[in-house]
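Inside the fold
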Amino acid sequence: MNLYVRYFDKETLATNVEDAIDFLASIPEIAMDDDLADDIRAYADSDVFYPKRYKVRPRVYFIIIKTEAATMLDFKQKKALRPGPNMASQHDTVAPAIVRLNEEREGWYEGSLDFKRVVMIPSTGKHEYRDTHFVANVKAISGQDCYNRIVEHLRSRVDGRSQFPSAKGKNFKFKFLGLCK
């Protein structure tokens, strides 16, 4: 595991913690002491892979990033990216949902939508947003068409200030029920 260290335009790719500490000690603005060196060693030994920044003075920091890149060029070209635990699974689940949304398949769909509906409070005469769950069976040609029909229906029946989520978001779900007869 290598460490990429940067302070403004000064940067290095250290192969071990001591090289990184020596590099930082060579910069006059950075007050390298035993506590800072121990903290950098602890970060390097930990299982944490997010970048760590250290304050030099107000609004001025240096950063350290763990990387598996062998050279500075590899690091700059992002050839040694370490995928996070959820990165691959998110990519696999998000892409098919968006593809399914536009997949044309004429028939009946059950669409459910969670949106912010504007309602008036009778006692005060003021309006507020309320989370509202709406489910409908719709004859459509795709998931996107199902969403569009539901939103069009709701817009004509609720206050115009109501807020509808994106069809691609987690607040809209659809299920293909079957072909039209």
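Residue positions are counted from 1 within each chain, in the order its sequence is given. Local features in this predicted model are restricted to residues of pLDDT 70 or higher, and side-chain atom pairs are both shown and tallied only at a pLDDT of 80 or more, whereas totals for entire chains, interfaces and linings draw on every residue. Heavy atoms from the whole structure form the basis of all side-chain values; hydrogens and water molecules are not counted.

A closer look at the sheet that holds strand β5 (residues 107-120)
Formally: Any two strands with at least two DSSP-identified bridges between them are counted as paired. Under the scheme used here, helices are H or I runs from DSSP no shorter than 4 residues and strands are E runs no shorter than 2 residues, and both carry numbers assigned from the N terminus. An axis is simply a line fitted to the C-alpha atoms; with a helix, the fit covers only the stretch in contact. Between two such axes, the angle follows the N-to-C directions and lies from 0 to 180 degrees. Residues count as neighbours in contact if any of their non-hydrogen atoms are within 4.5 Å of one another.
Sheet architecture is open: 3 strands sit in the order β6-β5-β7, paired in antiparallel fashion. With one partner strand each, in any of the chains shown, β6 (127-140) and β7 (172-178) form the two edges of the open sheet. Strand-to-strand twist across the sheet, computed as the mean angle between neighbouring axes with direction ignored, equals 25°. With respect to the sheet, helix α5 (residues 143-155) is in contact with β5, β6 and β7, its orientation differing from that of β6 by roughly 130°.

Regarding unusual backbone geometry
As a reminder of what qualifies: Only protein chains enter the accessibility calculation, which uses a 1.4 Å probe; a residue is then buried when its area is under 20% of its type maximum, exposed when over 50%, and partly exposed in between.
Its identity is not glycine, yet Phe8 carries a phi of approximately 50°, on the positive side. With respect to the secondary-structure elements, Phe8 resides in the loop between β1 (2-7) and β2 (10-14). Given a relative accessible area of 56%, Phe8 falls into the exposed group.

Regarding the pattern of salt bridges
Our working definition: We count a salt bridge whenever a side-chain nitrogen from Lys or Arg sits within 4 Å of a carboxyl oxygen from Asp or Glu.
Tallied over the entire structure, the rule returns 8 salt bridges. In this structure, the salt-bridge partner of Arg41 is Glu18, at a minimum N-O distance of 2.9 Å. You can see Arg41 sitting in helix α2 (residues 34-45) and its partner Glu18 sitting in helix α1 (residues 17-25), a full 23 residues away along the chain. Overall, the relative accessible area of 30% leaves Arg41 in the partly exposed class. Classification of Glu18 as partly exposed rests on a relative accessible area of 38%. Salt-bridge contacts for Lys116 lead to Asp131; the nearest nitrogen and oxygen are separated by 2.7 Å. Taken together, the positions of Lys116 in strand β5 and Asp131 in strand β6 put the pair 15 residues apart, joining distant regions of the chain. Residue classification places Lys116 among the partly exposed residues on the basis of a relative accessible area of 36%. The class of Asp131 is exposed, set by a relative accessible area of 65%. Three or more residues joined by partner-sharing salt bridges are found here, namely Glu18, Asp38 and Arg41.

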